[in-house]
Structures are given as structure tokens and as C-alpha cells.
Amino acid sequence: MRVNQIKLLSDVMIHKISAGEVIERPISIVKELVENSIDAGAKIITVEIKNGGINFIRVTDNGIGIPKDQILLAFTNHATSKLNNFDDFETLMTLGFRGEALCTIAAISQVEMITKTQNDILGTNIKIHGGKVISQNEIGCNAGTTIIAENIFYNTPARLKFLKKPSIEANYISNIMKRFALSNPQISFKFINNGKIIFTTNGNGDLKSALMYIMGKDIAKNVLQVENQTDKFRLSGFIAKPEFSRSLRTYQNFFINGRYVKNNIVSTAIENAYKNRIMVGQFPVYVLNLLVDPGFVDVNVHPSKMEIRFANENLVYDFIFTCILDTFKNASSELLVAKPKINMENVVDKQIVQTENKNFLFQEKESEFKIDKPTKKSEDVIKQIEIINTGERKQNLIVAYKIIGCIFNTYWLIEQDQKIFILDQHAAHERILFEKLKNQYEKDEVFAQQLLIPIDLSLNEYDAKIFLDNIEQIKKLGFDIEKISKTRFIIKGVPHDLNKYISREFFMDIIDSLKEFKLDDENKIQQIMQKACKKAVKAHDDLSYPEIKELIKSIMDAENPFNCPHGRPTIIQIEQSEIEKLFGRKK
Ligand code: ADP
Ligand code: MG
């Protein structure tokens with residue numbers, strides 16, 4: 001018979017089990033160690049990783065160091081110098097307080113620490129592998145602390161399996177390092193990956209210069225300063241002008257009392273304030289720090305301390321929303337307010353939408369379309385199109401269609417035979433552009449059109465790396481790009497069909513989309529094409545009537561007219577009989 005035998009877990013086992021909460025992946029180690037360095041008052045912090053941090057993480061600081069007699073204590077669970085009793089939460093300004101990071105890191109990796117306080121003459125070098133002290137010696141060193149963590153999860157292989165590719169883990173770390181640099185402009189950071197310096201900041205305390213190091217010159221030149229204060233809150237930092245928004249939220253940096261947090265109330269308040277200034281699917285770029293009485297926020301919601309709770313969410317929402325709106329108001333002269341694009345062709349079209357085609361004369365009178373019946377005799381521009389239910393076309397069937405008009409600024413109604421088609425202008429446009437690019441690429445007929453005014457693309461180091469990694473594929477699609485330096489590129493020519501739509505933002509979107517996936521060459525090209533088309537269509541959504549006519553013709557000729565490259569339908573159809581049923585004329 002099996003007998004239940006309940007045993008207390010050993011400390012080592014407990015640490016291994018609970019480690020997953022605090023230390024999930026290499027970035028968690030970097031985060032905890034750098035937070036400790038910041039809490040220790042360091043002015044210079046250097047972080048070096050190898051192989052995505054999986055094999056090697058070293059964090060060096062010039063902070064206060066740990067006194068000799070407290071070193072072992074620092075590695076003991078729930079040992080902290082930052083919190084004495086529960087009331088301290090009300091005034092807590094340090095990043096750490098749970099006292100479990102060092103202990104956990106030492107339990108799941110091979111750790112070496114060298115540390116010395118200002119007052120001690122000699123420092124200490126201690127090695128702890130998998131929670132066991134291997135050695136402890138005196139050593140001559142500078143004041144401050146260096147911690148090396150090697151071979152993460154070497155003793156918990158199950159956890160190792162959950163890690164992503166080193167390049168992805170490295171990217172996570174790079175992102176958090178940027179956030180540290182942005183939230184601490186008074187600290188000089190250096191981040192090294194596989195022996196290469198990724199970025200350094202000078203630590204002169206000026207947020208704008210940190211912003212330039214991290215996000216690049218273009219953004220730094222196009223930010224608005226935020227500085228608002230009430231008796232409860234103080235918000236300061238920078239928001240990028242709306243046209244510098246991005247398609248990822250990666251560039252949103254919000255800190256509360258210097259701690260990077262992800263919070264819905266905050267991001268919604270900011271995004272709502274940007275509403276109507278940016279396109280759907282674009283996200284504002286910002287670096288903002290909210291100073292608030294520590295008693296007003298609960299940071300102890302999750303072990304990683306990235307989630308927080310506010311004592312009163314409405315107050316926070318209103319304050320932040322108003323701050324951002326005020327910033328826009330004060331900067332109204334600086335802001336290029338997104339003007340509705342006025343296309344002269346469109347203006348003319350509204351009066352007499354189409355004159356050259358005598359079959360369907362569109363006239364807008366008191367906001368009504370008057371449609372002249374097609375004259376049967378007229379042979380000119382009736383297009384020969386037939387779409388059948390199954391989504392296939394019969395070419396030998398020639399059926400005329402009639403463009404009824406546009407509803408909701410997006411959907412075109414086309415009457416043909418006994419059906420009405422509803423065509424999504426954006427999806428259709430996207431599909432057409434995509435097929436054009438794809439055909440040219442597949443047939444090797446790519447043709448770059450030289451831009452009159454080349455686009456000067458200055459990127460931050462990480463974006464530049466992504467761009468460089470993919471530049472051959474981008475060029476294959478007909479982009480003519482000159483590399484000026486490691487981070488600066490001049491776009492001299494673009495694929496013929498895209499020349500109307502290209503902007504700096506266009507490239508930023510393509511770069512962002514390439515960050516999301518690791519793709520092989522062919523898939524990369526597809527991805528670039530899809531993104532390019534999507535972007536192009538967004539940038540040019542008010543087509544003139546002749547353009548629409550051309551679009552409808554092209555979509556009918558497309559290889560796959562029924563879906564946009566992202567799989568959404570481009571056309572739906574409703575039979576006359578279905579409409580009649582709705583009106584009770586037919587059963
Ligand atoms: P916590 O940061 O929550 O207090 P940790 O396990 O991260 O817990 O660290 C335990 C203690 O070790 C800290 O409270 C601090 O006193 C000390 N410590 C850790 N890292 C450093 C460092 N880089 N410099 C000085 N002291 C440190
Ligand atoms: Mg800590």
C-alpha cells in the first residue's frame with residue numbers, strides 16, 4: 001500500500017520552485033540586478049550579456065557596495081535593506097523591496113559577486129552555484145558591486161526549454177536597458193551584447209539627450225515637453241509629435257516614481273489624448289515619469305513589480321489625459337496638424353464625378369447621387385466583368401457593371417446583373433498594390449523610381465540593425481538605398497507603384513513589422529510587401545473617382561480579387577433575391 005509521506009521541502013527546492021515567479025528569463029535577472037545597482041546609488045552601470053544572457057550576464061556598478069558581514073545575508077531569501085515594516089510601503093522609493101532576487105538568481109545559475117564599500121580597504125569575491133557557496137575570498141577592487149550570472153537554469157533544464165532564441169532574449173534585454181536609461185538620465189549606462197557596445201548614455205541628467213541616444217535624432221528633434229503638476233501628481237518628460245507614432249507599443253515608456261510600469265489606465269489616457277491626431281493602428285511614442293506619493297500606488301501586485309494599482313484610477317486618468325491635451329494646446333504652432341488631404345481631382349469629381357464615361361453620369365446634387373441609366377448602344381467604357389458566387393471568374397461572360405456610389409467613405413456599391421457588390425476600397429487597394437509588387441518581383445521586373453527629394457533615414461542603433469539585416473530583401477523589391485553610416489541611410493528610389501506613398505514613417509513601420517518575427521528570406525519579402533501595401537493604402541485613402549474606376553477594374557483582374565493580403569475580404573456580394581426577401585417580397 002502507498003503511504004502518504006509529507007515532507008518539508010529543502011530551502012534549495014523551495015527556491016527552485018518559486019524562482020519561476022521572479023526569474024522567468026534572462027531579462028528578469030538583468031532587471032533585478034540593474035534595479036539593485038540603481039537602489040545602491042550607482043552613477044555608472046555597465047551591463048554585458050552573451051548569448052542572449054543565457055550563458056553570461058554581468059552587471060557592474062559604482063554604488064555603495066555590500067559590507068563584508070552582510071554578504072551572505074544579501075543572498076538569503078527575504079533579506080532586504082530596503083524595508084523594515086509594512087508601513088514602509090507608504091514611503092518606499094527604492095525599486096527593490098522583496099529581498100528575493102539575489103537569492104533566487106544564485107539558486108538557478110552560477111553567480112559570482114565582487115563587492116566593496118567605500119570604507120573597506122579590501123572587497124569580497126563570493127561564488128555561489130545553484131544556491132551553494134563555493135568560495136569566498138578577499139579581493140582588491142573598486143568600491144561598488146559586480147555580479148556575474150552564468151548558465152541560467154543550468155540546474156532546472158525544464159525552464160531552459162522555455163527560453164527563446166538568444167537573439168530574441170537579447171532583444172528583450174536591450175529593450176529593458178533602454179527603459180532604464182530613459183528613466184534614469186542621471187546614470188550613465190553602457191550596454192554590451194556579444195562584445196559589441198549597443199548603446200551608452202552620458203548620465204548628464206538631461207532626459208532629452210538620453211532620448212537621443214536611445215531613440216535616435218529624428219525622434220529627439222520632434223518631441224514636445226510635458227511638465228504638469230498638481231498637489232497630488234507631477235508628470236514630466238516628452239511625447240513625440242503625432243506623426244512620429246509607431247505601429248508597436250515598444251516606444252511607450254511610462255515610469256512611476258522612476259519604476260517602469262505597464263498600466264492600462266495610463267496608456268489609455270495617453271492614447272485617447274492622441275486620438276484624431278494619429279491613424280488607427282499607430283501608437284504614440286513617449287517617455288514620461290509620474291511622481292506620486294508612494295502611498296497612492298501599490299507596486300506589490302506581481303513579483304516582477306511591473307504591474308501596479310492606483311488608489312484612485314479616475315484621478316490618474318483625468319490628470320494624464322489633461323496633461324497631454326494641454327501639451328498639444330501649448331505646442332499648437334509647432335504641430336503639423338494632420339490636414340485632411342485635399343485632392344483636386346476629388347473636388348472636381350464631387351461636382352461631376354465622371355464625364356468621359358457617358359454610360360454612368362454621376363452627379364452630386366444636394367448630397368444625392370443621380371445616376372443616368374447606361375445607354376445600351378454605347379460601346380465605350382463598359383467593363384467586362386463577371387464574378388460568380390464561388391469566387392471564380394468566367395472571362396467569356398461579359399456583363400456590364402454600374403458603380404452606384406460610395407458609402408461610409410469606404411465601401412463602393414457596384415450593381416451587376418442580379419447582384420450588388422460591396423467593395424472595401426482599402427482592402428481592394430491593398431490587394432492590387434500587393435499583386436503588382438509581387439508580380440514585378442517574381443518576374444524580375446522591379447523598377448525603382450528615383451525620388452525627387454530623397455528620404456534621409458536616421459535610425460537608432462537597434463532599428464538600424466534590423467534595417468541592415470533586411471536591406472538586401474528590401475532592395476530586391478525596388479528600393480534604392482544608400483548607406484551613409486551605421487545608422488543613417490538615404491532612400492533614393494522606391495518601387496514605381498509605391499512612389500506616391502513613401503515617407504519616413506513608411507520605413508519605420510516596415511522596420512517594426514520585421515522585429516516581430518524571425519523569417520526566412522522569401523517570407524521576409526512577403527512580409528515587407530504586405531506591410532508596404534498596407535501602409536501605402538492608409539497613407540492614401542481618399543482616391544479620386546478615376547482612381548476608383550481603375551481600382552475596380554484591377555481588382556476584377558487580380559489573381560485573388562476576394563481577399564486583401566491579410567486575408568480580409570475585399571468584396572462581398574448580395575443577390576437581388578436576398579434583398580427582396582428582406583423586404584418580404586419573396587419567401
Ligand atoms: P531587494 O532588492 O528586494 O532588497 P535583493 O535580493 O535584490 O533584494 O537584494 C538583497 C539586498 O542586497 C539588497 O536589499 C541590498 O541591500 C543588497 N544589494 C543587492 N545588490 C546590491 C548592489 N548592487 N549594491 C549594493 N547592495 C546590493
Ligand atoms: Mg533587488
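Quick notes on the rules
- Residues numbered from 1 in each chain as written.
- Chains lettered and ligands numbered in written order.
- Predicted model: local features only at pLDDT ≥ 70, side-chain atom pairs only at ≥ 80, totals over all residues.
- Heavy atoms only, no water.
- Helix = DSSP H or I, 4+ residues; strand = E, 2+ residues; numbered from the N terminus.
- Buried < 20%, exposed > 50% of the residue type's maximum accessible area, 1.4 Å probe, protein only.
- Areas by Shrake-Rupley, 256 points an atom, 1.4 Å probe, with all protein chains shown as cover.
- Axes fitted to C-alpha atoms, helices over the stretch in contact; angles between N-to-C directions.
- Parallel < 35°, antiparallel > 145°, perpendicular 65-115°, else oblique.
- Left-handed = near helix turned anticlockwise from the far one by under 90°.
- Contact = heavy atoms within 4.5 Å.
- Phe/Tyr/Trp six-rings, centres within 6.5 Å; stacked < 30°, edge-to-face > 60°.
- Lys NZ or Arg CZ within 6 Å of the ring centre and 35° of its normal.
- Nonpolar A, V, L, I, M, F, W, Y, C, P; charged D, E, K, R; others polar.
- pLDDT = per-residue confidence, 0-100.
- Salt bridge = Lys/Arg side-chain N within 4 Å of Asp/Glu carboxyl O.

Trainee: Please provide a residue-by-residue account of the overall build of the protein, values included.
Mentor: Secondary structure summary: the protein contains 17 helices and 24 strands in total. Here the protein, with 587 residues, has 50% of them falling under the buried criterion. Carbon and sulfur atoms provide 52% of the accessible area of the protein, an area that totals close to 30,200 Å².

Trainee: Describe the packing of helix α6 (residues 166-183) against helix α7 (residues 207-215), listing the residues and the values that go with them.
Mentor: Across the interface, α6 lies against α7 with an axial gap of 9 Å and an inter-helix angle of 165°. Here α7 runs roughly antiparallel to α6, going by the angle between their axes. In terms of crossing hand, the pair formed by α6 and α7 is right-handed. In this structure, α6 uses Lys 178, Ala 181 and Leu 182 to contact α7, whose residues at the interface are Leu 207, Ala 210, Leu 211, Ile 214 and Met 215.

Trainee: Give me the lowdown on the packing of aromatic side chains, citing residues and values where you can.
Mentor: Any pair of aromatic rings gets described here by the distance separating the centres and the angle formed by the planes. Enumeration according to the criterion identifies 12 aromatic pairs in this entry. Joined through ring pairs, the aromatic side chains of Phe 467, Phe 479, Phe 489, Phe 506 and Phe 507 make up one cluster. Above the face of the Phe 56 ring, Lys 50 is positioned so that its terminal group lies 4.5 Å from the ring centre. A cation over an aromatic ring shows up here: Arg 246 above the ring of Tyr 251, its NZ or CZ 4.1 Å from the ring centre.

Trainee: Kindly report on the packing of helix α9 (residues 264-274) against helix α10 (residues 313-330), identifying the contributing residues and their values.
Mentor: Look at α9 against α10: their axes get within 8 Å of each other, and the N-to-C directions meet at 30°. Crossing of α9 over α10 shows right-handed handedness. For the pair α9 and α10, the contacting residues are Ile 265, Val 266, Thr 268, Ala 269, Ile 270, Asn 272, Ala 273 and Tyr 274 in the first and Glu 313, Val 316, Tyr 317, Ile 320, Phe 321, Ile 324, Leu 325 and Phe 328 in the second. Of the residues belonging to the contact of α9 with α10, the class tally is 13 nonpolar, two polar and one charged.

Trainee: Hey, could you go over the confidence of the model for the protein for me, with residue numbers and the actual values?
Mentor: Mean pLDDT over the protein: 80, with 79% of residues reaching 70 or higher. The model gives residues 336-394 a pLDDT under 50, and that stretch makes 100 contacts with residues more than four places away or in other chains.

Trainee: A description of the pattern of salt bridges should follow, citing residues and the corresponding values.
Mentor: Oppositely charged side chains are able to pair whenever their charged atoms sit close together. Tallying each qualifying case throughout the model produces 16 salt bridges. In this structure, Arg 25 and Glu 169 form a salt bridge, with 2.8 Å as the shortest nitrogen-oxygen distance. Taken as a pair, Arg 25 in the loop between α1 (11-22) and α2 (26-39) and Glu 169 in helix α6 lie far apart in primary sequence, 144 residues in all. Between Asp 456 and Arg 488 there is a salt bridge, with its nearest N and O atoms 2.8 Å apart. Placement of Asp 456 in strand β21 (residues 448-458) and of Arg 488 in strand β23 (residues 488-495) is noted, with a sequence separation of 32 residues between them.

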